[in-house]
Amino acid sequence: IAMAFAGIGGALASPIGTAIIEAFGWRMGYIVLGIAIIVLVEPWILTMFDRRPQDVGLLPYGYTEKAAQAKEEAKDVELPGIPLKTAVKTLPFVCLFLFAGIDGLFAGYNSHLPNFALTIGHTAAVGAAFVSLSQIGYVVFSFILGPIIDRIGVAKPTYIVFVVVVIVTLLGFMYIRDEALLYICAFFFGANMTAITISLPKLVVKIFGPKDFTSV
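Residues numbered from 1 in each chain as written. Predicted model: local features only at pLDDT ≥ 70, side-chain atom pairs only at ≥ 80, totals over all residues. Heavy atoms only, no water.

**Let's talk about the overall build of the protein chain**
(1) Moving on: Within the protein chain one finds 10 helices and 0 strands.
(2) Moving on: Written out in order from the N terminus, the α and β elements of the protein chain read α-α-α-α-α-α-α-α-α-α.
(3) Moving on: When burial is assessed residue by residue, the protein chain has 28% of its 216 residues classed as buried.
(4) Moving on: Taking all contacts inside the protein chain whose residues are at least 6 apart in sequence as the whole, residues at least 24 apart take part in 76%. (Helix = DSSP H or I, 4+ residues; strand = E, 2+ residues; numbered from the N terminus. Buried < 20%, exposed > 50% of the residue type's maximum accessible area, 1.4 Å probe, protein only. Contact = heavy atoms within 4.5 Å.)

Laid out in structure tokens, this is it:
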């Protein structure tokens, strides 16, 4: 849920940033966006991120006495799975490492959508809309893909996402020039980012277990 809502910020910031850059230039645009990030993010970092719920008179999210007791008891139980030192020497780790890196490069194309729009004859505002729709698509597909993976496993939904992205998005960007249809392509392009935020952690815990999940 937290990762999905990161897409909301991107969807809102893209058209605003583009409008500022068009009106005042990219230097002023970067300054304005930088100040906005500091104002919106820094207070939370300074006041909330290093505090426990108990420190402000609250209970942790989802807290129950039974769950707390079970968590305490679990501390004495060895979690199943492969330790980090062993995991990093395995072929599955190398494959997942490459999967994350390659898909990260692919998802990074999102930042090139404004220039892509310009090269095919559309305006910077249309390019900003591409980015926003991609981010909204990421949010939507995050909430769709997560429950599906929980029910039927991680492999098939991830394959389907890549097939949809290749057919609907990449071929669309190559051959479609109609603005409305490109908006649809941009929306579906957002599905690709779920491979990193949802599929990859599921793959890690499935292959290596929960023992050193965070480190792996």
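**Some words on the confidence of the model for the protein chain**
A low pLDDT means the predicted coordinates there should not be read in detail.
(1) Moving on: Taken as a whole, the protein chain shows an average pLDDT of 87; of its residues, 97% reach a score of 70 or greater.
(2) Moving on: Within the protein chain, helix H9 (residues 179-189) carries the highest mean pLDDT (94), whereas helix H3 (residues 65-74) carries the lowest (74). (pLDDT = per-residue confidence, 0-100.)

**Observations regarding the environment of Lys 211**
(1) Moving on: For Lys 211, the position within the fold is in the segment after helix H10 (194-208).
(2) Moving on: Measuring from C-alpha to C-alpha, the distance between Lys 211 and Tyr 159 comes to 27 Å, with 52 residues separating the pair along the chain.
(3) Moving on: Ignoring sequence-local partners within four residues, the contact set of Lys 211 consists of Glu 78, Leu 79, Pro 80, Gly 81, Ile 82 and Pro 83.

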